[in-house]
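Coordinate inspection notes
The primary structure of each chain is shown beneath.
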There are 2 protein chains.
Amino acid sequence: MTDSLSERKQGKRERLVAGAREVIYRHGVETTTIADIAQAADVPVGNVYYYFKTKDELVAAAIDGHAQDAQAALRSLERHRAPQARLKALVRELMSQREQVADYGCPLGTLCSELDKRADGLDRSCSELLRLPVDWAEQQFRTMGRRDARDLAVALIAAYQGIALLTNTFRDPELMTREGRRLERWIDSLA
Amino acid sequence: MTDSLSERKQGKRERLVAGAREVIYRHGVETTTIADIAQAADVPVGNVYYYFKTKDELVAAAIDGHAQDAQAALRSLERHRAPQARLKALVRELMSQREQVADYGCPLGTLCSELDKRADGLDRSCSELLRLPVDWAEQQFRTMGRRDARDLAVALIAAYQGIALLTNTFRDPELMTREGRRLERWIDSLA
DNA sequence: GTCTATATTTAGATAGAC
DNA sequence: GTCTATCTAAATATAGAC
């Protein structure tokens, strides 16, 4: 039936995107090969091109996957009522990934850093991706009545991206724990 | 004479390292080819291998060049007497590079981000490179009598690295200007 | 729709003339 | 020491059998 066929098709496509995200996160965009992704997704190499015409299309799909997940994660934080609680929940959520970050960096940040060096459309997609948490944080600060909401949002996401870079470079998850506490105190001080 | 010969040799080697730093900064390590570097240094492609046995050796030389420059820049900041003045001078120095950063990111940060994905010795060199400003800042905070000098140093460099990533991703040097002012106020508040 | 075999391209590295 | 021509390896992409 078309159902089982299209399910298999969807299954492979999704596995390829998931594989691309995983391998790209671990090894970076440029060093990742189609063969690496195919292997991670358990799909024969030649078959990849049935679903994605080029490597860049696969990278674009991986970025889009990150965007979907980021939006869902941010929406989920809105279960908290107060904006301060939401912002601190974001910080805790981000800091809970410290072991992964120590090994491979922030999935969004490393992607932005690498793809910003390119002049094709992929760098703009990354820009939109990083704008999601900044816009969301700005909204929370604005609800708190801060006129400088944008600056604070930029400072918060920058603090996270920066500590993610140091945590990764020094392979020390403890750095994130300490900076997370500092950021929570900072958010409290703005209330 | 040997002088003119060794001068020419030094000249080419230095041009290759300078070219490598420039091209790698603009395009990233992985996408940069030996041919790109040779062209930037105005040296014939085949001749590169007389000075550097592999591409990685050239990358290592580029990292070392950054380390030398960073150390010199930090020493130069010590013309200021007070640690607060030194730290604020560091912030101003870093922020003065905002146009470059908007185009290509922080030279050290983008290098660390990209090379941390590798398991060869190059990732450790980057780690040492980023440790330079952190150690230096820690020293200043300690001179100020702060017991939490290390945390503050990590927070400062992280704030810079983070805002550099956002400035680059959003192609907006103004972000750095505003965050720079915030950091200077923050340093003053710790005095 | 799936997959193997292969064409094409490119980049790292080397041999050897000068 | 310098440089050209070329080898080799690897990765993207395609052709075409099933």
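The text that follows walks through the structure, step by step, so that each part is easy to find.

Calculation rules
- Residues numbered from 1 in each chain as written.
- Chains lettered and ligands numbered in written order.
- Predicted model: local features only at pLDDT ≥ 70, side-chain atom pairs only at ≥ 80, totals over all residues.
- Heavy atoms only, no water.
- Helix = DSSP H or I, 4+ residues; strand = E, 2+ residues; numbered from the N terminus.
- Buried < 20%, exposed > 50% of the residue type's maximum accessible area, 1.4 Å probe, protein only.
- Contact = heavy atoms within 4.5 Å.
- Areas by Shrake-Rupley, 256 points an atom, 1.4 Å probe, with all protein chains shown as cover.
- Lys, Arg positive; Asp, Glu negative; His and termini not counted.
- Charge placed at Lys NZ, Arg CZ, Asp CG, Glu CD.
- Phe/Tyr/Trp six-rings, centres within 6.5 Å; stacked < 30°, edge-to-face > 60°.
- Least-squares fit on C-alpha atoms with pLDDT ≥ 70 in both.
- Core = buried A, V, L, I, M, F, W, Y, C linked by side-chain atoms within 4.5 Å.
- Buried area = accessible area lost by both parts, 1.4 Å probe.
- Salt bridge = Lys/Arg side-chain N within 4 Å of Asp/Glu carboxyl O.
- Polar contact = N/O pair within 3.5 Å; in protein donor to acceptor, adjacent residues only side chain to side chain.
- Nonpolar A, V, L, I, M, F, W, Y, C, P; charged D, E, K, R; others polar.
- Disulfide = S-S within 2.5 Å.

Secondary structure summary: chain A contains ten helices and zero strands in total. Its C-alpha atoms give chain A principal-axis dimensions of about 55 × 40 × 30 Å. The buried share among the 191 residues of chain A stands at 49%. Intrachain contacts of chain A at a sequence separation of at least 6 include 68% that bridge at least 24 residues. Of the roughly 9,300 Å² that chain A leaves accessible, carbon and sulfur atoms contribute 48%. The average position of the 29 basic charges and that of the 29 acidic charges among the side chains of chain A differ by 4 Å.

Our focus in this paragraph is the environment of Ala-89 of chain B. Residue and element names in this part refer to chain B. With respect to the secondary-structure elements, Ala-89 resides in helix H5 (residues 83-95). Given a relative accessible area of 6%, Ala-89 falls into the buried group. Between the C-alpha atoms of Ala-89 and Arg-118, which are 29 residues apart in sequence, the distance is 34 Å. Once residues lying within four places of it in the same chain are set aside, the contact partners of Ala-89 are Leu-77 and His-80.

Right, let's get into the packing of aromatic side chains. Residues and elements named next belong to chain B. Within this structure, the stated rule accounts for six aromatic pairs over all chains. Note on Tyr-50 and Tyr-51: the rings are 5.1 Å apart at their centroids and 90° apart in plane angle, and the pair reads as edge-to-face. Among the residues examined, Tyr-50 registers a relative accessible area of 61% and is labelled exposed.

Positive phi, close to 55°, is recorded for Asp-42 of chain A, a residue that is not glycine. Here Asp-42 of chain A lies in the loop between helix H2 (34-41) and helix H3 (48-51).

What follows deals with the relation of the copies chain A and chain B. When chain A is fitted onto chain B, the two copies agree to an RMSD of 0.0 Å after a turn of 180° and an axial shift of 0.0 Å. A rotation of that kind, with that shift, is consistent with a two-fold axis. The rotation axis passes nearest to the C-alpha of Gly-162 of chain A in chain A, at a distance of 1.9 Å.

Turning next to the nonpolar core. Counting residues in each nonpolar core, the largest one holds 122 residues, and the members touching the most others are Phe-141 of chain A together with Phe-141 of chain B. Looking at this core, the element that brings in the most residues is helix H9 (residues 149-169) of chain B, giving 14 residues.

Turning next to the interface of chain A and chain B. Between chain A and chain B, the residue contacts involve 41 residues of the former and 41 residues of the latter. At the boundary of chain A with chain B, total buried surface from both sides reaches about 3,200 Å², with 62% on carbon and sulfur atoms. Summed over the shared surface of chain A and chain B, the number is four salt bridges. Our enumeration of links across chain A and chain B arrives at eleven residue pairs in polar contact (both at pLDDT 80 or more). Contributions of two or more residues to the side of chain A that touches chain B are made by helix H1 (2-27), helix H7 (107-115), helix H8 (122-143), helix H9 (149-169) and helix H10 (174-189) of chain A. A total of 13 residues in the side of chain A that touches chain B trace back to one element, the largest contributor, which is H9 of chain A. Residue classes in the side of chain A that touches chain B are distributed as 18 nonpolar, eleven polar and twelve charged.

Our focus in this paragraph is the side chain of Thr-110 of chain B. Among the secondary structure elements, Thr-110 of chain B is positioned in helix H7 (residues 107-115). Of note is the side chain of Thr-110 of chain B, whose polar atom sits 2.8 Å from the backbone oxygen of Cys-106 of chain B. Those residues in contact with Thr-110 of chain B that sit more than four places away from it in its chain are Ser-113 and Lys-117 of chain A together with Tyr-25, Tyr-104 and Gly-105 of chain B.

Along the chain, the position of Ser-127 of chain B falls in helix H8 (residues 122-143). You can call Ser-127 of chain B buried: its relative accessible area is 11%. In this structure, Ser-127 of chain B is in contact with Thr-169 and Phe-170 of chain A, ignoring residues within four places of it in sequence.

Let us look at the environment of Arg-150 of chain B. Residue and element names in this part refer to chain B. Relative to the elements of secondary structure, Arg-150 occurs in helix H9. What makes Arg-150 partly exposed here is its relative accessible area of 25%. C-alpha of Arg-150 to C-alpha of Val-134: the two residues are 16 residues apart in sequence and 7.9 Å apart in space. In this structure the side chain of Arg-150 is engaged in a polar contact, spanning 2.6 Å, whose partner is the side chain of Glu-138.

This part takes up the state of the cysteines. One pass over the full model with this rule turns up zero disulfides over all chains. Distance from the sulfur of Cys-112 of chain A, which forms no disulfide, to the nearest cysteine sulfur (Cys-126 of chain A) is 4.4 Å.

With that settled, the discussion passes to the pattern of salt bridges. All names here are of chain A. Applying the stated criterion to the full structure yields 32 salt bridges over all chains. Where Arg-124 meets Glu-128, a salt bridge forms, and the shortest distance between an N and an O atom there is 3.5 Å. Placement of both Arg-124 and Glu-128 in helix H8 is noted, with a separation of four residues, approximately one turn of the helix. Among the residues examined, Arg-124 registers a relative accessible area of 58% and is labelled exposed. Two residues, Arg-150 and Glu-138, come together in a salt bridge whose shortest N-O distance is 2.6 Å. One end of the pair, Arg-150, is in helix H9; the other, Glu-138, is in helix H8, with twelve residues separating them in the sequence. The exposure class assigned to Glu-138 is buried, which follows from its relative accessible area of 16%.

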